[in-house]
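Architecture at a glance
Residue strings, one per chain:
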Amino acid sequence: MPILSVFYGLIVRMYAEGGGQHHTPHIHVIYQGEEFQFDFDGNELNGKVLTPAKKKLLDAWLVLHHDDLTANWELLSSGEQSFKIDPLR
């Protein structure tokens, strides 16, 4: 699973679609060994709750890079290579 970005202890990944249709476009966030899933609007998809401080950082990053996430989702869905996204600074 490609790593799209790493910032403030958050590792953001996205699964390759392999030509098939996954469900809602989403990312996987790894923080302190726990995995969380969010759609591109920051809604939690797997019921796990990220700490409020880290969630604020992730939400800011999602707003800044919504178009990049959508582009990566489409690339991976069509079997192409994803690209890195700038971290939150």
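Right above here is the structure, for reference.
Right, let's walk through the structure included here. Values in this document were obtained by computation on a predicted structure and should not be read as measured data. (Residues numbered from 1 in each chain as written. Predicted model: local features only at pLDDT ≥ 70, side-chain atom pairs only at ≥ 80, totals over all residues. Heavy atoms only, no water.)

So, the sheet that holds strand 4 (residues 34-39)
Spatially, 4 strands are ordered 1-2-3-4 in an open sheet, and the strand pairing comes out antiparallel. The open sheet is flanked by strand 1 (3-7) and strand 4, the only strands paired with a single partner. Strand-to-strand twist of the sheet, defined as the mean angle between neighbouring strand axes without regard to direction, takes the value 25°. In the sheet, strand 3 (residues 26-31) pairs with strand 4 via 6 bridges, with the strands oriented antiparallel. Bridge assignment links histidine 28 to a residue of strand 4, and that residue is glutamine 37. Those strands touched by helix 1 (residues 52-64) are strand 1, strand 2 (10-13), strand 3 and strand 4, and its axis lies near 145° from that of strand 3. (Pairing = 2+ DSSP bridges. Helix = DSSP H or I, 4+ residues; strand = E, 2+ residues; numbered from the N terminus. Axes fitted to C-alpha atoms, helices over the stretch in contact; angles between N-to-C directions. Contact = heavy atoms within 4.5 Å.)

Some details on helix 2 (residues 66-77)
If you check helix 2, its first and last C-alpha atoms are 16 Å apart, about what 12 residues at 1.5 Å a residue would give, namely 16 Å. Listed as buried for helix 2 are Leu69, Asn72, Trp73, Leu76 and Ser77. Relative to the axis of helix 2, the buried residues are bounded by an arc of 130° and lie together on one face. For helix 2, exposure combined with an orientation more than 90 degrees from the buried face picks out Asp67 and Glu74. Among the residues trailing helix 2, glycine 79 stands out with phi positive, at a value near 80°. (Expected span 1.5 Å × (residues − 1). Buried < 20%, exposed > 50% of the residue type's maximum accessible area, 1.4 Å probe, protein only. Arc of directions from axis to C-beta.)

Here's the deal with the pattern of salt bridges
Throughout the structure, instances matching the rule amount to 2 salt bridges. The partner of glutamate 34 in a salt bridge is lysine 48, with the nearest N and O atoms 3.3 Å apart. Of this pair, glutamate 34 sits in strand 4 while lysine 48 sits in the loop between strand 4 and helix 1, and the two are 14 residues apart along the sequence. When its relative accessible area of 39% is taken as the criterion, glutamate 34 is described as partly exposed. Taking relative accessible area as the criterion, lysine 48 reaches 33% and is therefore assigned partly exposed. Here lysine 55 makes a salt bridge to aspartate 59, at a shortest N to O gap of 2.6 Å. Note that lysine 55 and aspartate 59 are positioned in helix 1 at a spacing of 4 residues, about one turn of the helix. (Salt bridge = Lys/Arg side-chain N within 4 Å of Asp/Glu carboxyl O.)

Take it as geometry only, folks, not as evidence of what the structure does.
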